[in-house]
Structures are given as C-alpha cells and as structure tokens.
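The residues making up each chain are set out below.
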Amino acid sequence: MGDNGSSQPLIELQNVNRFFRQGRTRVQVLQNINLAVAENEILCLVGESGCGKTTTGRIMVGLLEPSSGEVRYRGRPVNTLRGKDRAEYRRALQIIHQDPFASLNPAHTVGQILAFPLQRHRMAEGRGGVRRRIWELLTLVDLTPPGDIVNKYPHQLSGGQRQRVSVARALTVNPRLIVADEAVSMVDVSIRISLLKMLHRLRDEYGIAIVFITHDLALAKYFAWEGRIAVMYLGRIVELGPTPDIISRPAHPYTRALISAIPEADPQITRSKQRMVLRSEDIPSLLEIPPGCAFHPRCPFFVEGVCDTQLPTLEKVPDGSQYAACTPLTRGQELRLYGS
Amino acid sequence: MDLQSLASPTGLLIGALCGLVPLVIALRNRTPRPGILGFLACLLSGFACNVLGGLPMILLTVAVVVSYTYTDRDDPFLSRAALEEVDFEETFGAMVTRRLAGLGRTIRAASRALVRNKAGFLGFLGLVFFFVLNIFGPMVIPYDGQPHFYDRRREGAINLFQGPSAEFPLGLDWQGRDILSHIVHGGRALIITSVQAGVITTVIAVILGAVAALIGGLLDQILNAIANFILTIPQFPLLVVLAGLISFEDRFFLAVLLGLLDWPTLMRAVRAQVLSLRERDYVEAAYALDLGLPHIVMREVLPQMISYIVINMIFSIRGAMYAIVGLVFLGMVPFTEPDWGVMIFMGRSQGALFSAEAASMLLSPVIAVALFQLSLVLFTRSLEEVFNPRLRAGL
Ligand SMILES: Nc1ncnc2c1ncn2[C@@H]1O[C@H](COP(=O)(O)OP(=O)(O)O)[C@@H](O)[C@H]1O
Ligand SMILES: [Mg+2]
C-alpha cells in the first residue's frame, strides 16, 4: 500500500479471502484483505475480538492458506515456492502466540525447545555452537542468567518468561518478520512494557519487521508510533495509515469511535473527552454481515441509500495520508450525524 | 523369547559384573548408598534377563548414581559466569555426564512419583511379584508333571484331586500333579503372549492414528473405514471361528491376530487426541519453524500422550489375556502345559466345579489371572504422575 512503492515488500496479501466451514454453513472470516509489510516495518493490526486478526496473521506466516487471493513473499507467490526457497520463506516468518501457557510444549525444557530448530536447520556449529547460541538467545530476550532458565520446564516459568522463550524460539531461525499475536495481552501489566521494549530492540538491532496484533488501540499507539496501523472490522480493513495520523486525525467512523474510547492518562482529559455514541453497541455476527458497509448499522454518520448498498473500497482519504473504506468520506462528502 | 533359559547362573555373573559399574562410580563419588542399590538392581536384572537385563540397567543405575553428585556448577553454562568466561565447547565425556545426570534426576523424580501414589505402587509391587514368580519361581519350584498318590486312589474315584496339604500347598490336580508348580510355570506363556498382543495393538494404533490425524484426507477416510469395519465384527466369536481354521501352534500368531483385531478403538482415540494436540500453539510453532513431520509426531505430539498410550497398552494386554484364557477355556487353542488357561479348562471338564477337594485346581489359576489383572489396573494409576513432568515434580 503505497508508502514505499519502489522497494519490494517482504510479505504481501492480495485480495485475500478466507472462510471456514461450520457444518453446512460458510463463515466468511476475511474479505478482500490487501496488506503489505516492508522489511523492518512495524504494522499494527487493531480490531475487536473476532474480527479476523489472528486469521490474517496466520495466513501471513503461512500457517493457513487463503480461500482465494494471493500471498507473496518478496514479490513471489508463496505457493510457487519450492525446495530451498520454500524453506527460507517458512523460516523468515514466525509467530508469537497469545497464550503463554499453550505456546511451549510442557514436555521439553527451555534448552531443548531452543535446540530443536537450531540443530534441525544447522543454525549453529556443533554442540558447543548450539549451546553458545542458546546462551545468546536467552540473553537477548533478557532471560538472565541463562543457566537458571535453560533446564527449566515451561510450568516452572512465569507467563512473561514464557513469552520471552517464545520470542527466543522464533529468533533461532533468524526470521525477517515476527507476527506478535496479542503477545502481551495475557501477561501481567507490569511486564508488558519491558516485553514491548524488547520487541522494539530486536527490530532495531536485527532489522526484523513486526506485525503487532492487538485489540487495544492504546497499546497500538504506544508500540507502532513509527509504523502503521491497520484497523479491522468484521473481516475487512477499514482504515490503514501511519500511526500518528490515524491517532490524531482518524478518518473512518469506526476508528474515530475506537479512539474516542481510549482512556487518557490525565483523568481531566478523559472526562472532558467526547465519547462517540454509536447507533448500536451490538457487533453483527460473521454469519450475517450487513450489506454495503458492514459498519453501517452502528455508524453515527450513516447515509441512507449509500452506506447500506455500496461496498466501500479502501481509498485515499482526501485530506489525509491514510486510506479508509467509507464511501461518503472518500467521495469527499462531509460526514453528518444520521438523522440531523 | 524363551525365558526358560533365563535366570541362569551365567545371568547372575553377568548381573554382578554389570553391578560393579555403578558401584565403583558411586564409591569414587563417595555416595555408597545409591551405588549398592544400583549393584543390586543390576544383579537382579542381569540374573533375570542376562545381558538384556544387565546392560540397560547399567545405564539407568549409573545415571542415578551420577545425578547424586552432579551439580549444575559442573557445567559452565549453568554457572552464573559472564559470557567471556563460559567455555561452550564441552568434551564428549562432560556431555555424557551432563545428560546422564539429567536422566538420573528424571528417574529419581519418576520413582518418587511412583511410590507417592499408593494404589499405583501396590500395582507395581504386584507386577514385581509376578515377574519374580515367573522368572525366579521355576528355580525354586521345578515343574512337576508326575502324578502323585496313584496308590492311594480312592475306590471308584475317576480322578486324583486332592485339597491343599503341607506337602502340596495348593493340592493336586485331576492327574495327581502338583498345582503349585503348575501355577509357577503356567503363567509365563500367557503373560508373554498377552504382552505381545498389547504391544502390537498399541504400535499399530499409534502409528495409524497419528498418520490419519496428521495427513488426513483420503488416507484418513480409508483408515477410519477400516477401523469402523473391524469394530463392527463381533471379536470373540470371530476369534473362535478363526481359531478353528488356523492352528495357533505358535502363540505369537495368536498375539498378532489379537493385535490386528484390537487396534481400532485405540487408533480412533489416538487420532482424536492428535487432532486436538495438532491445534496447540506449540505444534503450530513447530510447523512455522519447519521442524518436519517426524519431529512433530515424535517430539511434540507423542510425549503429551505417552501416559495415555501406556495406560491403553496395559488395558490391551488385559483384554488380550482375557481373550486367550477364553480361547483356551473353550479348547480352541492347542494345549501346551503347564498353562493357567489349560488348568481352568481341565479343572472344569474334569469336574472340579463339583468337589471341594478339587476347588484349588480352578481357584488357583483364576486368582492368579485376576491378581495379575488387578496389578495391571492399579499400576496404571501411577503412570500419569510418572510421565508428566509437572505432576512428577509433585506440584
Ligand atoms: N479454524 C477455524 N475454524 C472455524 N472458525 C474459525 C477458525 N479460526 C477462526 N475462526 C473464526 O474466525 C473468526 C475470527 O477469528 P480470529 O481471526 O481468531 O479473530 P481475532 O484474532 O481478531 O479475535 C472467529 O469468529 C472465529 O470463530
Ligand atoms: Mg486473536
């Protein structure tokens, strides 16, 4: 999506759709996702729970195939990659899961968990090399002294420590992109910041791109200030652009609603801040996605005859740097409260 | 495997030689107690199973002995030294010692877990009892196939049954033979065939179940269809029919047949478990790390199921034993004496049901089978704790 058009994106989703079968019905989880991640970029996927963030992340790292559409790795469709190229592509993309208690195999020690990929892909020379690399990785993710951790089983570690081990495990194969799927949402608030700082540091030092998935726009604002945010709603991207612009001048009504709900550190501001009132609080089910713009039954700026009939496309906002999927807005009309 | 030849004086010698290894290492480490235990363990298992018992036991006991004195400080990696001070290259010997110590710690934790669960430990003792009975019993109580008391045969009696006496603690059977010696010698073939059947069942079920779940598609459907087909066959009647057609002169074929009929239930359970484990985040991570299907099956999925698999194997052994005894009881399998099943068959057909004198001939093998089964079932209670690192730690 535009901002560095000349260089090849690391990974690119083009018109990706994904549905799951539940018995006889088809649940359309992702619709027409277009997203590109550049080397060393930070991209935040934000949206309410169930809107398809994890599914997008899994398609991105190749754990899930799109039902239609294409995934490209450095410009090449991933389903045409074979042999060495395919192995390189698999390893270049890693994922950190949300639940620290499910992401490590309880039967193995930390040392074994890290040694498996190192040995399998010959990422280190000999036994000594593997041990040295394990030491380095544990130090890298701030699990020091490494000797205290290496022989522990996952059940002997805290949630934060486990997430660090997950990160170290992803780093064993020198990835180019890490998808962090709500990676800090299940650890104590007190250690979230240090985990986020660690991810930032890995990005700066190793040039890794990070796709940070969260339902918390405040966290996205903090983490992706130098990057971009993609806001998702019911399986579609509704707004995409540089973080500062989206936070300070949100375009799409849904993004505006999310931002107006962020509590500010200063209670004074929080109280005086105007919360946007939606026409309905109910999130529609994926089984009956509203026609036209999926947000229209809730949207305060609903325009009858436009929003409920025309499928909005992601287009450049007239007076902003971001893209939004809102028909009246991208046509240059002024948004007016419905019924006024 | 012919266990008749085991438990020999050579075995005792082999066991003693093997036992010297942990003993010497322990004495050099100044930890005599585990050393002596290790010596005895090697002696016993060498005595019981010759080289097959002695050599593996060296590994286990040495691991335990080493784990007593090995401290984490012996490994530079585990010390709190700085990166520059750590030498990551370790000698082969140092690595072996480190791994042995790890193994030893696991064995110690597992045996503590085993003792902690009372019911499970009781079952374990029961199994040890049957092991000793079958391996060492024959050395003390030789097989006695000779009729006794011909001369004292009662007028008009058609058999030589006799109740327990000081000379024959379990009495005499219909031919006037010592029942105790039949119990001591008659379990081995039955137990071995049952275990073989259980192992065959488990191996087939685990491989097919894992393959069906992880590869899926058409293969999954075919395997499921076969499993469902076998499940609809009434097993025991089929066994009886087959036993009429095939001669089970070699009991191993019987074990294979039992395994071939028994795998579907366990296979479907394994398949369901693998399907659910496959969804786990750590398995997904292994896919993302491109660790390969063999690694995912052997290292990520199966370790989670090991206690489940072993417990089910034990239940398969149990089922196989019932089936074999049943077949023998119906006279569908060629008799080889001494055998618990044959004793039950003969006891019944020679009228032991109707005479108090003869009760021992029926009761002894029935109780032996029942006790063995009970030990197996009780033993499974411990396994969950023995195999699970979290439970093993006693948390
Ligand atoms: N394997 C699957 N089978 C069926 N439905 C799924 C599967 N994975 C996700 N879904 C459905 O897709 C929707 C989006 O899920 P997800 O991508 O996890 O959302 P998020 O991460 O944004 O909370 C949910 O309604 C979920 O039930
Ligand atoms: Mg999610």
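Preceding this section is the structure that the text describes.
In this text, all values refer to a predicted model and were calculated from it rather than measured experimentally.

## Some points on the overall build of chain B
Part 1 of the reasoning: Looking only at helices and strands, one finds 15 helices and zero strands in chain B.
Part 2 of the reasoning: Along the first, second and third principal axes, the C-alpha set of chain B runs to 95 × 60 × 35 Å.
Part 3 of the reasoning: Taking all contacts inside chain B whose residues are at least 6 apart in sequence as the whole, residues at least 24 apart take part in 72%.
Part 4 of the reasoning: Across chain B, the mean location of the 28 positive side-chain charges is 6 Å away from that of the 29 negative side-chain charges.

## Some remarks on the overall build of chain A
Part 1 of the reasoning: Each helix and strand counted, chain A has eleven helices and twelve strands in total.
Part 2 of the reasoning: Relative to the globule expectation of 20 Å for 340 residues, the C-alpha radius of gyration of chain A, 21 Å, shows essentially globular dimensions.
Part 3 of the reasoning: Sorting the 340 residues of chain A into buried and exposed places 55% on the buried side.
Part 4 of the reasoning: With 42 positive and 33 negative side-chain charges, chain A shows a separation of 7 Å between the mean positions of the two kinds.

## Brief notes about the interface of chain A and chain B
Part 1 of the reasoning: With 39 residues of chain A in contact, the opposing surface of chain B contributes 35 residues.
Part 2 of the reasoning: Buried surface at the junction of chain A and chain B, both sides included, amounts to about 3,400 Å², of which 57% is carbon and sulfur.
Part 3 of the reasoning: For the interface between chain A and chain B, the tally reads one salt bridge.
Part 4 of the reasoning: Here A:Arg58 makes a salt bridge to B:Glu284, at a shortest N to O gap of 2.8 Å.
Part 5 of the reasoning: At the surface where chain A touches chain B, the tally comes to eleven residue pairs in polar contact (both at pLDDT 80 or more).
Part 6 of the reasoning: At the level of elements, helix H2 (83-92), strand E6 (93-96), helix H3 (110-120) and helix H4 (126-140) of chain A are the ones that each hand at least two residues to the side of chain A that touches chain B.

## Examining the packing of helix H7 (residues 188-215) of chain B against helix H8 (residues 217-232) of chain B
Residue and element names in this part refer to chain B.
Part 1 of the reasoning: Remark: H7 packs on H8, axes separated minimally by 7 Å, with the N-to-C direction vectors making an angle of 140°. When the axes of H7 and H8 are compared, the pair comes out oblique. Where H7 crosses over H8, the handedness of that crossing is left-handed. Contacts from Leu208, Val211, Ala212 and Ile215 of H7 reach H8 at Gly217, Leu219, Asp220 and Leu223.
Part 2 of the reasoning: Along the lines of polarity and charge, the residues of the contact of H7 with H8 split into six nonpolar, one polar and one charged.

## Section: the site of ligand 1
Residue and element names in this part refer to chain A.
Part 1 of the reasoning: For ligand 1, the full set of nearby residues is Phe20, Val29, Glu48, Ser49, Gly50, Cys51, Gly52, Lys53, Thr54, Thr55 and Leu286.
Part 2 of the reasoning: Taking Lys53, its main chain carries an N or O atom lying 2.9 Å from an oxygen atom of ligand 1.
Part 3 of the reasoning: Here Thr54 contributes a side-chain N or O atom positioned 2.5 Å from an oxygen atom of ligand 1.
Part 4 of the reasoning: Computed on the free molecule, ligand 1 has an accessible area of 570 Å², of which 65% lies beneath the protein chains in the complex.
Part 5 of the reasoning: The class makeup of the residues in the shell around ligand 1 is four nonpolar, five polar and two charged.

Cut-offs and rules
Per chain, residue numbering runs from 1 following the sequence as it is written. Lettering of chains starts at A and numbering of ligands starts at 1, both following the order in which they are written. It should be noted that, the model being predicted, local features are given only for residues of pLDDT at least 70 and side-chain atom pairs only at 80 or more, the latter also being counted only at that level, while totals for whole chains, interfaces and linings use all residues. The basis for the side-chain values is all heavy atoms of the structure; hydrogens and waters are excluded. Each helix is a run of H or I in the DSSP string that is no shorter than four residues. Each strand is a run of E no shorter than two, and both are numbered from the N terminus. In what follows, a contact means two residues having at least one pair of non-hydrogen atoms within 4.5 Å. The sign given to each residue is positive for Lys and Arg and negative for Asp and Glu; His and the chain ends receive no count. For charged residues, the charge sits on one atom: NZ in Lys, CZ in Arg, CG in Asp, CD in Glu. For a compact globule the rule gives 2.2 Å times the number of residues to the power 0.38, and the radius of gyration it is set against comes from C-alpha atoms. Between buried and exposed lies partly exposed: a residue is buried under 20% and exposed over 50% of the maximum accessible area for its type, with that area taken using a 1.4 Å probe on protein chains only. Buried area is understood as the total, over both parts, of accessible area removed when two parts are fitted together, assessed with a 1.4 Å probe. By definition, a salt bridge exists where a carboxyl oxygen of Asp or Glu is found within 4 Å of a side-chain nitrogen of Lys or Arg. Identification of polar contacts relies on pairs of N or O atoms within 3.5 Å, with a donor-acceptor requirement for protein atoms, meaning one able to donate a hydrogen and the other able to accept it, and with residues adjacent in sequence counted only if both atoms are side-chain atoms. Axis angles are defined between N-to-C directions and span 0 to 180 degrees, where every axis is a line fitted to C-alpha atoms and, for a helix, only to the segment in contact. For classification purposes, angles smaller than 35 degrees are called roughly parallel, those larger than 145 roughly antiparallel, those between 65 and 115 roughly perpendicular, and all remaining angles oblique. Note: crossing handedness is left-handed where the near helix turns anticlockwise from the far helix by less than a right angle, and right-handed where it turns clockwise. Gly is placed with the polar residues, together with every amino acid not listed as nonpolar (Ala, Val, Leu, Ile, Met, Phe, Trp, Tyr, Cys and Pro) or charged (Asp, Glu, Lys and Arg). Put simply, a residue is near a molecule or strand once any heavy atom of it comes within 4 Å of that molecule or strand. Here the Shrake-Rupley method, with its probe set to 1.4 Å, supplies the accessible areas, and only the displayed protein chains count as covering residues.

By themselves, these observations are geometric and do not establish any function.
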